[in-house]
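Structural characterization, general
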Amino acid sequence: MKTVLGYYKKYIPFVCIILLVLFGQVMCELLLPTYMSDIIDNGIVAGDMDHIKHVGLIMIGVAFAAVVFSVTGSLFASMTAAKSARNIRKALFTKVTSFSRAEIERFSAASLITRSTNDVQMIQQATVMCLRMMIFAPIMGIGAVFMALKTSVSLSWTVGLALICVCGLMVFSFVAIFPRFKKMQEKLDRVNLIMKERLSGTLVVRAFRTEAFEQERFDKANVDLTKLYIFVNKCLSFLLPTMTLIMSGVGILIIWVGAHLIDAHQLMIGDLLAYLQYAMHVIMSFMFVTMIFVMIPRAAVSAKRVGEVIDTAVSIEDPEHPMQLPDTSDLSAELRGKIEFIDVAFAYPDAEENALEDISFVAEPGKTTAIIGGTGCGKSTLINLIPRFYDAAQGQVLVDGVDVRQLRQTDLRQRIGLVPQKGTLFSGTIESNLLYGDADATEEELELAAEIAQATGFINEKPDGFDTEIAQGGSNVSGGQKQRLCIARALVRKPEILIFDDSFSALDFATDKALRRALRQKATGSTFIIVAQRINTIMDADQIIVLENGRIAGKGTHKELMEQCSIYNEIARSQLSKEELERGRA
Ligand SMILES: Nc1ncnc2c1ncn2[C@@H]1O[C@H](COP(=O)(O)OP(=O)(O)OP(=O)(O)O)[C@@H](O)[C@H]1O
Ligand SMILES: [Mg+2]
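Just so you know, the residues in each chain are numbered from 1, in the order the chain's sequence is written. The naming scheme follows written order: chains are lettered A onward, ligands numbered 1 onward. Where totals are concerned, whole chains, interfaces and linings use all residues; where local detail is concerned, this predicted model gives features only for residues with pLDDT of at least 70, and gives and counts side-chain atom pairs only at 80 or more. Side-chain numbers come from the whole structure's heavy atoms, not from hydrogens or water.

Considering empty space enclosed by the protein
Put simply, the rule is: For cavity detection a 1 Å grid was placed over the protein atoms alone, and a set of points counts as a cavity when a 1.4 Å probe fits there but cannot get out; an open set counts as a pocket when protein lies on both sides within 12 Å along at least five of seven lines, with lining residues being those that have an atom within 4 Å of a point. Grid points are joined across faces, edges and corners, and a volume is the space filled by probe spheres set on the points. Gly is put with the polar residues, along with every residue not named as nonpolar or charged; the nonpolar set is Ala, Val, Leu, Ile, Met, Phe, Trp, Tyr, Cys and Pro, and the charged set is Asp, Glu, Lys and Arg.
This structure, assessed with the given rule, holds one cavity of 30 Å³ or more. The calculated volume of the largest cavity comes to roughly 30 Å³. Forming the walls of the largest cavity are Leu-385, Tyr-390, Asp-391, Ala-392, Gly-395, Val-397, Val-404 and Arg-405. Taken together, the residues that form the lining of the largest cavity break down as five nonpolar, one polar and two charged.

What follows is the structure, encoded as structure tokens:
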């Protein structure tokens, strides 16, 4: 809450302007009934046409001024709300961009989106309401009470009575409706959740024929929400007519009591009408104040959710005095792109066991280091430590001989071309996606990268070639095509370190082989780290690391491992034909 309020500091001058113009508006509106009373008593009753014209003109002027003040107030209120909402959204976006994966997982991507859209909108709406009403209603209320008392003291008890009725009504709505607002939000969350799961899991739901179950789940959540909506709206629909009833009742009461006072020559007819208007102003201001009290707790919930994100400490930050990586050309060939793991251990937040333990190896420049192991053994985890998506809990990860924690994240990642296991493409064209690797890449460089990644064939088959549209998430290209585009994107960067996390899994054997040959021939000098499930893909690697349960179970070449590492031997036997095994031994 405090965090979000901080974003309004800049707009204090705006708030001052709003305060001033709203004060002006209240003054004008409070003056109008007095003028009206004057016209009736001293103009109409006395039959003085000039007085009517004179005061009438003043009234038009005052009414016009009230409109100008009101519009100016609204304008500044909207501006303050919109601008601060923009700044909050920007802060959220910047913060989320700096989040490491651990923080994103903590909040979940869906929740981060809701927080930066829906919640910020709630705050914005409440801001406009508060700036307009929170200032306007109390001034109006107090002013109207004062003017009403000035007009007629003997009628004042009627307003008192009206306020008691209004208070009673408000207490009822607080008790009956207010707690249900929060519940409504929660039920809405549930409907959204089921809807989101249903949409992202469409294929699974169809494949497993669980439509009926999903429909039931959705219906239940939907009915729950509907029931609550109906109840709340019943209460609300009861509120407004009751309010009108109170206002009309008080009106009749004032006229009835006033008529007797006029009869006894204790009150002028104009004063009675003015009093009536002031009484209505008092009741209305009271209602506005109540509305604000309903709005603020709802916005406070949103402000808290937004504040939580902005205040989260990022677990992976740049060091205060980052080490400067020497220019690649200044580095000796043995160091350029060298990766070294020294006794590394790592555990995911909240996990009981280490996902990695005692990991030590060196990946030499110009050579290929392959990582193989069963699913869930920690291959992706290991790779994620190199670009510092996570930090090692123990030990060190060195790139170019420097601990990755001593480097600026951008400097480090600039040297790495990563093809993640779950490749993502962005909406745009093939070309715009490849340019993510290096925005300054020339057309020839893009073509070369596509050629190495074996993507040229299918790109050229498309009528628009490199300008072919890519749908969000790359849903309009096949799995294998997507993998090849992701590989090409990493190659465009011409990094000194190339990491492939199971990036050849969707490729057929021939393409896999051609791609690896092209990599060896055309991307020389880089350090390759290849994670794979297929022995075929990594057989020729200079070094193979066999992982099991987060530990290194074997390290060496294919030949060495076949002899020394039983796990590797088993994997190889299950995948390779006799001839291939023989060839590997030779
Ligand atoms: N974000 C995460 N939070 C908590 N635990 C995780 C997370 N990601 C992975 N794990 C756990 O860490 C272990 C290693 O996972 P990892 O993704 O590194 O496996 P992998 O070897 O890449 O498997 P695969 O071959 O299926 O890709 C698994 O037991 C997994 O459940
Ligand atoms: Mg993996």
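Quick word on a positive patch on the surface
Cut-off, in case you're wondering: Each patch is built from residues that are more than 30% exposed by relative accessible area and take part in no salt bridge. Like charges join if they lie within 9 Å; nonpolar side chains (Val, Leu, Ile, Met, Phe, Trp, Tyr) join within 5 Å. Under the convention used here, a 1.4 Å probe and the Shrake-Rupley method define accessible areas, while residue burial counts only the protein chains that appear. Any Lys or Arg side-chain nitrogen found within 4 Å of a carboxyl oxygen on Asp or Glu counts as a salt bridge. Only four residue types enter the tally: Lys and Arg on the positive side, Asp and Glu on the negative side; His and the chain ends are excluded. We put the charge of a Lys on NZ, of an Arg on CZ, of an Asp on CG and of a Glu on CD. Counting from the N terminus, the helices are DSSP H or I runs at least four residues long and the strands are E runs at least two residues long.
On the surface, Lys-10, Lys-83, Arg-86 and Lys-90 cluster together into a patch of positive charge. Along the chain, Arg-86 turns up in helix H3 (residues 49-98).

Quick word on the coordination of the magnesium ion (ligand 2)
Selection criterion: A donor here means any N, O or S atom no more than 2.8 Å from the metal (3.2 Å for Na, K and Ca); water is not included, so a site may seem to lack partners. Categorising residues by exposure relies on relative accessible area from a 1.4 Å probe, with only protein chains included: less than 20% of the type maximum marks a residue as buried, more than 50% marks it as exposed, and the intermediate range marks it as partly exposed.
Only Ser-380 (OG) and Gln-421 (OE1) from the protein coordinate the magnesium ion (ligand 2), and they sit 1.9 to 2.2 Å from it. Separated by 41 residues along the polypeptide, Ser-380 in helix H11 (residues 379-384) and Gln-421 in the loop between strand E6 (416-419) and strand E7 (428-429) bring together distant segments of the chain. The exposure class assigned to Gln-421 is partly exposed, which follows from its relative accessible area of 43%.

Quick word on the packing of H3 against helix H5 (residues 109-151)
Stated precisely, the cut-off is as follows: Axes here refer to lines fitted to C-alpha atoms; in helices the fit is confined to the stretch in contact. Angles between the N-to-C directions go from 0 to 180 degrees. An angle below 35 degrees is treated as roughly parallel, one above 145 as roughly antiparallel, one from 65 to 115 as roughly perpendicular, and anything else as oblique. For any pair of crossing helices, the crossing counts as left-handed if the nearer helix is rotated counterclockwise from the farther one by less than a right angle, and right-handed if it is rotated clockwise.
Running from N to C, H3 and H5 point in directions that differ by 155°, and their axes come no closer than 9 Å. With respect to each other, H3 and H5 are oriented roughly antiparallel. The chirality of how H3 crosses H5 is right-handed. For the contact of H3 with H5, the residue count by class is eleven nonpolar, eight polar and three charged.

Quick word on the sheet that holds strand E1 (residues 339-346)
What counts here: Any two strands between which DSSP finds at least two bridges are classified as paired.
Taking strand neighbours across the sheet as the criterion, the four strands line up as E2-E1-E4-E5 in an open arrangement whose pairing is antiparallel. Each of the sheet's edge strands pairs with one partner strand only, and the pair in question is strand E2 (356-363) and strand E5 (402-403). Sheet topology note: the E1/E2 ladder contains five bridges and is antiparallel. Paired with Glu-340 across the strands is Val-362, a residue of E2.

Let's talk about the environment of Ala-441
Operational definition: Contact criterion: two residues are considered in contact whenever any of their non-hydrogen atoms come within 4.5 Å of each other.
With respect to the helices, strands and loops of the structure, Ala-441 is situated in the loop between helix H13 (430-434) and helix H14 (443-452). Look at Ala-441 and you get buried, because its relative accessible area is 13%. On a C-alpha basis, the gap between Ala-441 and Lys-494 in space is 9.8 Å, while along the polypeptide they are 53 residues apart. Apart from residues lying up to four places away in sequence, Ala-441 is in contact with Leu-435, Leu-446 and Val-492.

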